[in-house]
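Each chain, written out:
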Amino acid sequence: MPSIVETPPVEVQQELALLRQDLHTLIPSKQLTGNVLIATWNIRAFGDLTEKWEAAENDSPKRDLHSLLAIAEIISHFDIIAVQEIRGNIKCLRHMLKVLGRDWNFLMTDVTRGNAGNNERMAFLYDTRKVNLSGLACELVVPNEWLNRIGENALTRQFARTPYAVSFRVGGKTFVLITLHVLYGDNAAARIPELKAIAEWVADWAKELHSWDHSLIVLGDFNIEKIGDPTYEAFTSTGLTVPAELQNIPRTIFKNSYSFYDQIAWFVDSLARPELSLTFTRGNIYNFVGKVLNNRNYTNTQLSHRISDHFPLWAEFSTL
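Residues numbered from 1 in each chain as written. Predicted model: local features only at pLDDT ≥ 70, side-chain atom pairs only at ≥ 80, totals over all residues. Heavy atoms only, no water.

A few words now on the overall build of the chain. Along its length, the chain carries seven helices and twelve strands. A total of 320 residues make up the chain; the buried ones form 54% of that total. Within the chain, contacts between residues at least 6 apart in sequence are counted, and of these 75% link residues at least 24 apart. When the accessible surface of the chain is split by element, carbon and sulfur atoms take 48% of a total near 13800 Å². (Helix = DSSP H or I, 4+ residues; strand = E, 2+ residues; numbered from the N terminus. Buried < 20%, exposed > 50% of the residue type's maximum accessible area, 1.4 Å probe, protein only. Contact = heavy atoms within 4.5 Å. Areas by Shrake-Rupley, 256 points an atom, 1.4 Å probe, with all protein chains shown as cover.)

In this section: the nonpolar core. Grouped burial of nonpolar side chains is what soluble globular proteins tend to show. Within the largest apolar cluster, 97 residues are counted, with the highest numbers of intra-cluster contacts made by Ile 75, Met 96, Leu 125, Phe 288 and Phe 317. Per-element tally for this core: the top contributor is helix H5 (residues 192-211), with nine residues. With near-sequence residues (within four places) excluded, Phe 317 lies in contact with Gly 34, Asn 35, Val 36, Ile 38, Ile 217, Trp 266, Leu 276, Leu 278, Thr 279, Phe 280 and Thr 281. (Core = buried A, V, L, I, M, F, W, Y, C linked by side-chain atoms within 4.5 Å.)

Okay, the pattern of salt bridges next. All chains considered together, the criterion is met by 13 salt bridges. Between Arg 129 and Asp 103 there is a salt bridge, with the nearest N and O atoms lying 3.7 Å from each other. Taken as a pair, Arg 129 in the loop between strand S4 (120-127) and strand S5 (132-139) and Asp 103 in the loop between helix H3 (91-100) and strand S3 (104-108) lie far apart in primary sequence, 26 residues in all. Here Arg 129 falls in the exposed class, since its relative accessible area comes to 53%. Since its relative accessible area comes to 31%, Asp 103 is described here as partly exposed. Arg 191 is the partner of Glu 225 in a salt bridge, and the nearest nitrogen-oxygen pair spans 2.6 Å. (Salt bridge = Lys/Arg side-chain N within 4 Å of Asp/Glu carboxyl O.)

Okay, the side chain of Asn 35 next. Tracing the backbone through its elements, the reader meets Asn 35 in strand S1 (residues 35-46). A distance of 2.9 Å separates a polar atom in the side chain of Asn 35 from a polar atom in the side chain of Glu 316. Those residues in contact with Asn 35, other than ones at most four positions away along the chain, are Ser 29, Lys 30, Asp 79, Lys 130, Val 170, Glu 316, Phe 317, Ser 318 and Thr 319. (Polar contact = N/O pair within 3.5 Å; in protein donor to acceptor, adjacent residues only side chain to side chain.)

Okay, the pairing of strand S8 (residues 215-221) next. Regular strands have side chains that alternate between both faces of the sheet. For S8, a buried count of seven out of seven residues is recorded, marking the element as mostly surrounded by other parts of the structure. Relative to S8, strand S7 (residues 173-181) is paired through seven bridges, and the arrangement is parallel. Looking at the pairing, His 181 lines up with Asp 221 of S8. Bridging between S8 and strand S10 (residues 262-267) involves four bridges; their strand directions are antiparallel. When the bridges of S10 are listed, Gly 220 appears paired with Gln 263. (Pairing = 2+ DSSP bridges.)

With that settled, the discussion passes to the environment of Leu 23. Mapped onto the elements of the fold, Leu 23 is located in helix H1 (residues 10-26). Counting along the chain gives 54 residues from Leu 23 to His 77, while the straight-line C-alpha distance between them is 7.3 Å. Residue contacts for Leu 23: discarding those within four places in its chain leaves Glu 73, Ile 74, His 77 and Tyr 286.

Strand order in this open sheet of six strands is S5-S6-S7-S8-S10-S9, and the pairing throughout is mixed. Two strands bound the open sheet, and with one partner strand each, they are S5 and strand S9 (240-241).

It is worth spelling out the environment of Met 1 at this point. Its location among the elements puts Met 1 in the segment before H1. Spatially, the C-alpha atoms of Met 1 and Trp 53 are 9.6 Å apart, while their sequence positions differ by 52 residues. Leave out the neighbours within four places in its chain, and Met 1 touches Glu 6 and Glu 51.

Moving on: H3. Residues separated by three or four positions in an α-helix point in the same direction, a consequence of the helix having 3.6 residues per turn. Burial within H3 is extensive, with seven of its ten residues counted as buried. Along H3, the positions that sit buried rather than exposed are Lys 91, Cys 92, Leu 93, His 95, Met 96, Leu 97 and Leu 100. Buried-residue contacts for H3 involve S1, helix H2 (65-75), S3 and S4. Immediately beyond the C-terminal end of H3, within one or two residues, lies Gly 101, with a positive phi of roughly 95 degrees.

Encoded structure:
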């Protein structure tokens with residue numbers, strides 16, 4: 001059985017070299033000082049692994065060593081990345097950390113029990129050469145009083161997958177990242193209570209952190225349909241703002257035009273100034289379609305089970 005840390009076949013090495021070159025071209029360089037690259041990625045069913053360079057037709061799961069090396073290469077170009085859909089089986093995560101090396105560390109939640117939780121975890125992976133933990137790691141629980149509200153779109157239960165908050169420090173700047181994977185539900189309306197609840201929960205916290213010159217950034221898969229629809233209005237109802245650069249870009253490999261599921265957002269003041277000690281400089285997705293597993297002629301559906309159905313979404317911030 002091959003190992004993830006063995007030298008891969010020549011064709012895999014060649015593809016990874018081209019992928020690395022493309023990432024260097026499209027994503028800002030990681031610098032020891034001056035910037036921090038923060039990303040979020042819903043990696044579809046990131047759990048078990050077939051330990052072959054190419055999974056056979058009858059193998060399950062379809063994600064193999066070749067696929068995992070491509071995922072690790074993409075992740076390595078960021079300083080911190082929030083990952084959603086890590087399953088109870090963390091074989092992919094463990095093997096990927098072997099590839100990323102001893103400079104990388106992670107924090108993650110336990111699996112969320114129940115059907116709505118889908119046996120998923122959320123995690124932050126970070127490059128310890130540059131990123132330090134700043135002391136806080138917690139799950140956000142809705143106050144009981146909120147669950148007793150009577151009104152339209154009131155939340156009546158805890159989050160299906162509990163939001164996860166961790167504080168980091170880079171270049172003298174402290175910031176809290178909150179990641180969330182909102183319940184998809186039977187329809188878009190089913191997502192609104194969770195979106196409103198997270199917006200309300202973090203609004204007061206952001207003001208408190210801002211008074212200490214700490215930033216709060218919300219990122220993850222919010223299953224928002226589009227700007228202006230009820231899911232977006234719920235998400236932005238307390239002032240969360242998505243920068244223009246991260247708006248009219250696709251989020252998934254199945255929609256070539258427009259989707260808005262994954263987000264990186266923060267609060268702004270009454271003059272539309274970011275309530276951040278960091279300075280946002282630029283951001284985008286990384287579109288890996290046509291750049292990974294090229295010799296296999298996969299459909300997008302097949303590719304989604306090996307890499308993901310979502311693109312990684314990233315933002316660069318100045319720490320100067």
